[in-house]
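Listed below, chain by chain, are the residues.
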Amino acid sequence: MTVVSDDEGAQRQQRPEDEPGAGVVTAFGRQLKLLRVRAGLERAEFGKRLGYSADTVASIEQGRRIPQARFIEKADEVLGAGGVLTALKEEVGRAQYPSFFRDAARLESDAHELFLYAVQAVPGLLQTEEYTRALLAMRRPLLDEDTIEQRVSARLSRQQTLARWPAPLVSFVIEEAVLRKPFGGKGVLRGVLENVLMIGHRRNVEVQVMSNDQEDNAGVDGPFTLITPKKGEQIAYLEVQGRSILVTDRDEVRSISARYGIIRSQALTPRESLGFVEKVLGEL
């Protein structure tokens, strides 16, 4: 097993700027300011050309806000940077995720297959903006508003993985209890269930529900994700209490993969599952 982060408890006591990945954001901000000043543009004028406020530009230049890919691309073009800024796009993009999830996010974005078993919340790849924000607002210790907005944006951007081509094969098995937890209120739950239905009808996606009535459940050890890269062997990702593990040992990954196969066989079929989600929606 490869432990990605085993000191998250200590990291929770750190300021956001102390987290790994903050350095590249700070460096990007300084480079952006240098190029803007060299081009003779005030923040307000520069922001206007990009479609952002002067305050947003200031936050990015000071390393307090992580820029989205479209900002970086437009800034490079407006400043005539010749790729100096876009060269940092991938590194800056990874910095938007919590430190313990960055390696998994990189693998997920380029995966050939993704298999997810969810027992606590609707998987991030199926979440809506409102559902994600509600989950993050409930975190303890409390997250500041800037961090919440940053992570909402990051989680929603991950969903591009489902729409890219060639499309990855994605399978979700979700515990029934997850689909009934009204995180953020019934309106938020209704929205995320509608999203589950919409994505579940895609040809490359299968959603299955593990019924509360199921007496046999091979998933009693908890949630996990199986990631198969385009090139390379399957990897398992485990996460709990802000700590994560990437499992690369072949025998252990093979065991987890076999477990997922059993879980799928015990859950409702994809067709039955979508019908079940519709039923839960009708009860709200």
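What this report covers is the structure whose coordinates are included nearby. (Residues numbered from 1 in each chain as written. Predicted model: local features only at pLDDT ≥ 70, side-chain atom pairs only at ≥ 80, totals over all residues. Heavy atoms only, no water.)

Section: the overall build of the protein chain
Scanning the protein chain for helices and strands turns up 14 helices and seven strands. For a compact globule of 284 residues, the expected C-alpha radius of gyration is about 19 Å, and the protein chain comes in at 21 Å, within 12% of that figure. In the protein chain, which comprises 284 residues, the share counted as buried stands at 45%. Restricting to contacts in the protein chain with at least 6 residues of sequence separation, those with at least 24 account for 73%. Element-wise, carbon and sulfur atoms account for 49% of the exposed surface of the protein chain, whose accessible area totals about 14,800 Å². For the protein chain, the centre of its 39 positive side-chain charges and the centre of its 41 negative side-chain charges are spaced 5 Å apart. (Helix = DSSP H or I, 4+ residues; strand = E, 2+ residues; numbered from the N terminus. Rg over C-alpha atoms; globule rule 2.2 N^0.38 Å. Buried < 20%, exposed > 50% of the residue type's maximum accessible area, 1.4 Å probe, protein only. Contact = heavy atoms within 4.5 Å. Areas by Shrake-Rupley, 256 points an atom, 1.4 Å probe, with all protein chains shown as cover. Lys, Arg positive; Asp, Glu negative; His and termini not counted. Charge placed at Lys NZ, Arg CZ, Asp CG, Glu CD.)

Section: the packing of aromatic side chains
In this structure the tally under the stated criterion is six aromatic pairs. When the ring of Y52 is compared with that of F71, the centres are 5.0 Å apart and the planes differ by 80 degrees; the resulting orientation is edge-to-face. Here the residue Y52 occupies a position in the loop between α3 (43-50) and α4 (54-61), and F71 occupies one in helix α5 (residues 69-78), the gap between them amounting to 19 residues. What makes Y52 partly exposed here is its relative accessible area of 22%. Judged by its relative accessible area of 1%, F71 is buried. Between the aromatic rings of F115 and Y260, the centroid separation amounts to 5.4 Å while the plane-to-plane angle is 0 degrees, which identifies the pairing as stacked. Here the residue F115 occupies a position in strand β2 (residues 111-118), and Y260 occupies one in helix α13 (residues 250-266), the gap between them amounting to 145 residues. Among the aromatic residues, those joined into a ring-pair cluster are F115, Y117, F224 and Y260. Taking the ring centre of F115 as reference, the NZ or CZ of R264 above it sits at 5.7 Å. (Phe/Tyr/Trp six-rings, centres within 6.5 Å; stacked < 30°, edge-to-face > 60°. Lys NZ or Arg CZ within 6 Å of the ring centre and 35° of its normal.)

Here we look at the nonpolar core
Judged by nonpolar contacts, the single largest core of 41 residues is most densely connected at F172, I174 and L193. Of all the elements, helix α12 (residues 186-200) adds the most residues to this core, at seven residues. When near neighbours in sequence (up to four residues on either side) are disregarded, I174 contacts A118, P123, L126, L179, V207, Q208, V209 and M210. F28, L41, A81 and V92 belong to the second-largest nonpolar core, a separate cluster that totals 19 residues. (Core = buried A, V, L, I, M, F, W, Y, C linked by side-chain atoms within 4.5 Å.)

Observations regarding unusual backbone geometry
In this model, R140 is joined to P141 through a cis peptide bond whose omega is 0 degrees. For P141, the location among the structural elements is in the loop between α8 (129-137) and α9 (145-158). Phi at Q241 takes a positive value of approximately 50 degrees, unusual for a residue other than glycine. Structurally, Q241 can be placed in the loop between β6 (235-240) and β7 (243-247).

Concerning the layout of surface pockets
Space inside the largest pocket adds up to approximately 1,200 Å³. Lining the largest pocket are 39 residues; nearest its centre among them are Q120, A121, Q127, R155 and E239. Of the residues assigned to the lining of the largest pocket, the class counts are 23 nonpolar, seven polar and nine charged. (1 Å grid on protein atoms, 1.4 Å probe; cavity = no way out; pocket = protein on both sides within 12 Å on 5 of 7 lines; lining within 4 Å. Points joined across faces, edges and corners; volume = space filled by probe spheres on them. Nonpolar A, V, L, I, M, F, W, Y, C, P; charged D, E, K, R; others polar.)

With respect to the packing of α12 against helix α14 (residues 270-283)
Where α12 contacts α14, the two axes come as close as 10 Å, and the packing angle between them is 160 degrees. Relative to α14, the element α12 is oriented roughly antiparallel. For the crossing formed where α12 meets α14, the hand is left-handed. Here α12 contributes R190, L193, E194, V196, L197 and G200 to the contact with α14, which in turn contributes L274, V277, E278, V280 and L281. Its residues placed into classes, the contact of α12 with α14 shows seven nonpolar, one polar and three charged. (Axes fitted to C-alpha atoms, helices over the stretch in contact; angles between N-to-C directions. Parallel < 35°, antiparallel > 145°, perpendicular 65-115°, else oblique. Left-handed = near helix turned anticlockwise from the far one by under 90°.)

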